[in-house]
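# Overview (structure and organization)
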Amino acid sequence: MLTLTDLTKRYSTGDRALTQVSLHIPEGQVVALIGPSGAGKSTLIRCVNRLVEPTEGRITLSNTELTSLSSRQLRCARRRMGMIFQEYALIDRLTVMENVLSGYLGYTGFWRSFLRRYPQPVVSEAFRLLQRVGLEPFIDKRADELSGGQRQRVGIARALLQSPEILLVDEPTASLDPKTSRQIMRLIKELCAERRLAAIINIHDVALAQLFADRIIGLRAGEIVFDGLPDQLDAEILTRIYGEEDWNTAAEPEAEIESDLEAVDTRVQTDAAGLKRSVPAVGAV
Amino acid sequence: MNQQERLAAAEQGLWKPLPLIRDARYRWLLIIAAVVYLLLAVISIDVNWARVAEGLSRGMNFIAAFASPDFTSRGGDILDGLIESLTMTLTSTVIGILLAIPVGIGAARNIAPLPVYLFCRSIIAISRTFQEVIIAILFVVMFGFGPLAGMITLAFATIGFMAKLLAEDIEDIDARQVEAIRATGARWLQLMNYAVQPQVMPRLIGLSMYRLDINFRESAVIGIVGAGGIGATLNTSLSRYEYETAAAILLIIIGIVMATEYISSHVRKWVQ
Ligand SMILES: Nc1ncnc2c1ncn2[C@@H]1O[C@H](COP(=O)(O)OP(=O)(O)O)[C@@H](O)[C@H]1O
Ligand SMILES: [Mg+2]
């Protein structure tokens, strides 16, 4: 369904984010992409819908070669790929309903969307999706009045209104508490099963990845270092992906302080990467 | 003090922030130079005290006029000037803002391609280089005395002001929201309407109100150089030494500015 062939991305800053990545994802498969911060996970999924332009390589989505599309064709192709973001990326000042309906923008003309006159079937589909994620009482609330978990549900509904073939999910749970994280992952998993959607989910939490994915791909420094089933992950493979660490003691009380410190450490790194990313231009197209 | 000494001192509990200019000699040189320049500048202003004394008494007359402002004897002129000024203010603000929006979008580096960006930035630069009075003189020469010249002047100044602030606002928007809308396959105009507009709209409305304020005040000033409105009425009354009428006009201007100030602060709060 989705095939990457020798995908390479070098940023203009010289950062080599992806090196000759090849992989194939069949219909309906939920793939978790794991790896340390800066491994290139976000770059990979952004190359697929070309929010980031790949430097080399090919990407094919059910017979459409994505890397050579004109900007009009690219817009059509983007409708087939729903994206879900870490910080939800909802439009804060628009209502929940407007946010969900924005998933339909690729199918509609400017004036219709400007006047918010969406076709009746689209509105009722949007409402059904909100019902499915349990948010139908909130249609007229502004997006910034919702909690994190609720916002992410709106983000999911927006992506699904595109009637996508594949979901591109960038760290959906990184800003959520553990319980909400599991609920969101379960929701994504169920929706993929209901609609036979494939998904690439970038995720930091290895346990969640194992719990909800059909397949795990480990990325390190822009290269695939593991590709297998969730129950194949063991200490040796985690070391291959993340580097040396005593993987078996993490849950024990004595090790807690140390691992807490480590958690702070990785958070700082993630923040730094996030800051760096937020600088570049929004770009044209 | 070098790094080593600073660390040692800090260990002793002695720490001061680094000075802005490291080299002490250079620092003192700059301070002395600034003081000397200031002294020379003050000395070079020559004051004609006799003229000041004469002007002072005239000034006192003017201030005394505020105790008995005369709204009625030139009431018709004042009303005409006022209506002209308000019309000028409103039309110039609306036209200026409508033109400033495309220029502002074009001048935002994160959404406009480089040639468009440079073009729009130069429009802004031209509009902002010249003070309203200078532009007004130019337009009065081009279009003759009256409110048309005033309106064009204020619209032109509004473009530079609004476009610059709008562009800066757009450059500061949350890029993730833009990314999310782009990922749905939205076209460019939809991207502007869904991802950019909601983020900049409250400030745009606030700035528009603020500009309305400024344009009214400016309309009084540029009237003095012939661009019509209440400024022209004020100028006439001053040159006829009708200080009571002038005082009345100034009081009206103050009242209107305060009213718009009050309204605009409310509108700004409401759109947040
Ligand atoms: N817009 C960008 N410009 C330059 N370098 C970038 C940009 N985005 C990411 N990078 C770099 O590419 C590498 C991969 O980043 P990313 O794909 O965000 O990794 P991950 O999502 O796995 O944390 C990092 O070294 C990062 O610094
Ligand atoms: Mg990332």
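Up top is the structure.
Residues numbered from 1 in each chain as written. Chains lettered and ligands numbered in written order. Predicted model: local features only at pLDDT ≥ 70, side-chain atom pairs only at ≥ 80, totals over all residues.

Attention now goes to the packing of helix α4 (residues 75-106) of chain B against helix α10 (residues 230-239) of chain B. Residues and elements named next belong to chain B. Interhelical geometry of α4 versus α10 gives an angle of 145° and a closest axis separation of 7 Å. Contacts from D77, I78, G81, L82 and S85 in α4 reach I230, A232 and T233 in α10. Residues of the contact of α4 with α10, tallied by class, amount to four nonpolar, three polar and one charged. (Axes fitted to C-alpha atoms, helices over the stretch in contact; angles between N-to-C directions. Helix = DSSP H or I, 4+ residues; strand = E, 2+ residues; numbered from the N terminus. Contact = placed C-beta atoms within 7 Å. Nonpolar A, V, L, I, M, F, W, Y, C, P; charged D, E, K, R; others polar.)

On to the packing of helix α9 (residues 188-223) of chain B against α10(B), then. All names here are of chain B. Following both chains from N to C, one finds α9 and α10 inclined at 45°, their axes separated by 6 Å at the closest point. When the axes of α9 and α10 are compared, the pair comes out oblique. Helix-helix and strand crossings are classified by hand; for α9 and α10 the assignment is right-handed. Listed contacts from α10 to S219, A220, V221, I222 and G223 of α9 are I230, G231, A232, L234 and N235. Tallied by class, residues from the contact of α9 with α10 come to six nonpolar, four polar and no charged. (Parallel < 35°, antiparallel > 145°, perpendicular 65-115°, else oblique. Left-handed = near helix turned anticlockwise from the far one by under 90°.)

Residues and elements named next belong to chain A. Sheet architecture is open: six strands sit in the order β6-β7-β8-β3-β9-β10, paired in mixed fashion. On the outer flanks of this sheet lie β6 (81-84) and β10 (223-228), each paired with one strand and no other. Going from strand to strand, the sheet's axes swing by 20° on average, the running direction of each strand aside. In the sheet, strand β3 (residues 30-34) pairs with strand β9 (residues 215-220) via four bridges, with the strands oriented parallel. (Pairing = 2+ DSSP bridges.)

As a further point, take the interface of chain B and chain A. Listed per partner, the contact involves 23 residues of chain B and 25 residues of chain A. Listed by contribution, the elements that provide at least two residues to the side of chain B that touches chain A are α8 (175-183) and α9 of chain B. The biggest single contributor to the side of chain B that touches chain A is α8(B), with nine residues.

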